[in-house]
Amino acid sequence: MTIQSLEDTHELDVYPRRDVVLVRGNGSTVYDENGKAYIDCASNIGVSLIGHGNRSVAKALYNQYLRLSNCYSIFYNDARARFAQKLVSIAPKGLDRVFFCNSGTEAVEAAIKFARATTGKDRYQMICAIRGFHGKTMGSLAATWDPKYREPFLPMLQGFTHIPFNNIEKLRESINEHTSAVLLEVVQGEGGIRVGDKTFFSEARKLCDDHNILLIIDEVQTGFGRTGTMFACEQYVTPDILCVAKAIAGGVPMGAVLCNEKIHVPKRSHTSTFGGNPLACAAALATIEFIENEQLPAKAATLGRYLREKLEAISSPRIKEVRGLGLMIGIELHEKADPYVKSLMEKGIIVLLAGPNVIRLLPPLIITKKEIDIIIQSLREVLC
Ligand code: PLP
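Residues numbered from 1 in each chain as written. Predicted model: local features only at pLDDT ≥ 70, side-chain atom pairs only at ≥ 80, totals over all residues. Heavy atoms only, no water.

1. With respect to the overall build of the protein chain
Thought 1: Looking only at helices and strands, the protein chain features 13 helices and 17 strands.
Thought 2: Relative to a compact globule of 384 residues, whose C-alpha radius of gyration would be 21 Å, the protein chain shows 21 Å and is just as compact.
Thought 3: The principal-axis extents of the C-alpha atoms in the protein chain amount to approximately 55 × 55 × 45 Å.
Thought 4: For the protein chain, contacts bridging at least 24 residues in sequence account for 70% of all contacts bridging at least 6.
Thought 5: Across the protein chain, the centroid of the 45 positively charged side chains sits 3 Å from that of the 42 negatively charged ones. (Helix = DSSP H or I, 4+ residues; strand = E, 2+ residues; numbered from the N terminus. Rg over C-alpha atoms; globule rule 2.2 N^0.38 Å. Contact = heavy atoms within 4.5 Å. Lys, Arg positive; Asp, Glu negative; His and termini not counted. Charge placed at Lys NZ, Arg CZ, Asp CG, Glu CD.)

Spelled out as structure tokens, the structure:
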């Protein structure tokens, strides 16, 4: 039996699979079972931000596993304490307490609960954005906009409103006495790489302050340097709650919710068996140190600018718009992008979709200029 048929036989059919078996990775390259190399311009939707096979993360994991792999958070733990201190030290000022979980959707679930617990029973409304994506468990799914994800699971959790992204008037109109929080991405990832407007975000921050509403920013995809700063919100506003996951632990599952002093959550009301386990914390500490030592946010800014400029210079009637921030780039086409994703795959480049017409580029931040040039050339060949 092939690997494909084993997976097809034994797993639920919920992923739109590509017919390739990836078996190993090194740096910005992944390899299939036949040894074919691919430049990874997807990073597992942003997870593999430091690339594949990072030695310092591997060493941290190995050592921590032998020392203590799990430690439920009713006990204190040295690896968790050290990582909590590190995460808070790199977070925007004021976000100085953290809750650990295991994924992006869990971080958003926790943020929704923390907001409700803080603002009280009568304030259950969450204002989110059209094309926003926050995960697929029942709470975060209510915040996610795309009806095709929501409809099979109706009825949704009550109280979620979706306004057009970057539209301050619609945000103002949606606020009422029941509003608990505004929940936004700074750059919409799944929604098509749509970059937030700076004026919108600063006015949204002000509206939240004026109405005593919490601002939650979801940086599950944008966090840890992807957009040119450690957190994208540094270029915008400081939220009351910041959700992170994906790249945080170098490929080991982890999520976190950073909160400011406004947030109050009753003891025992939200917990997680695996949240803050020493193994993930050790990997995360090594990952953040690597990101800092290699100055990956600055690299994302420089290489991202270079890549965007080169893409904008491609003269193709198929391209409608190139947009993005740092190394998070979308190429919107006038037509469906899927055939081009397949052609790029044949050329040894893995890219993602972000909606039907958008090619999404999320390379590891360790990618070299030489590899970026290969990606540009391949895109030119398939799109022109
Ligand atoms: N929030 C954002 C902005 C995301 O991009 C994603 C996943 O792509 C999620 C939340 C959900 O994360 P996870 O798939 O780890 O649950």
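2. Focus: the site of the ligand
Thought 1: Neighbouring the ligand are Ser103, Gly104, Thr105, Phe133, His134, Gly135, Glu185, Glu190, Asp218, Val220, Gln221 and Lys246.
Thought 2: Here Gln221 contributes a side-chain N or O atom positioned 2.8 Å from an oxygen atom of the ligand.
Thought 3: In isolation the ligand has 390 Å² of accessible area, and contact with the protein removes 82% of it.
Thought 4: Its residues assigned to classes, the shell around the ligand comprises two nonpolar, six polar and four charged. (Near = heavy atom within 4 Å. Polar contact = N/O pair within 3.5 Å; in protein donor to acceptor, adjacent residues only side chain to side chain. Areas by Shrake-Rupley, 256 points an atom, 1.4 Å probe, with all protein chains shown as cover. Nonpolar A, V, L, I, M, F, W, Y, C, P; charged D, E, K, R; others polar.)

3. So, the pattern of salt bridges
Thought 1: Evaluation of the coordinates by the stated rule reveals 20 salt bridges.
Thought 2: A salt bridge links Lys86 to Glu292; the nearest nitrogen and oxygen atoms lie 2.7 Å apart. Of the two residues, Lys86 is situated in helix α4 (residues 78–90) and Glu292 in helix α10 (residues 278–293); the sequence distance between them amounts to 206 residues.
Thought 3: Through salt bridges with shared partners, a single network forms among Arg205, Asp209, Asp240 and Lys262. (Salt bridge = Lys/Arg side-chain N within 4 Å of Asp/Glu carboxyl O.)

4. Quick word on the state of the cysteines
In a disulfide, the sulfur atoms of two cysteines are covalently bonded to one another.
Thought 1: The tally for this structure, following the rule as stated, stands at zero disulfides.
Thought 2: Here Cys71 stays unpaired: no disulfide links it, and the sulfur of Cys281, its closest cysteine neighbor, is 9.7 Å away.
Thought 3: Not engaged in a disulfide, the cysteine Cys243 finds its nearest cysteine sulfur in Cys101; these two sulfurs lie 8.1 Å apart. (Disulfide = S-S within 2.5 Å.)

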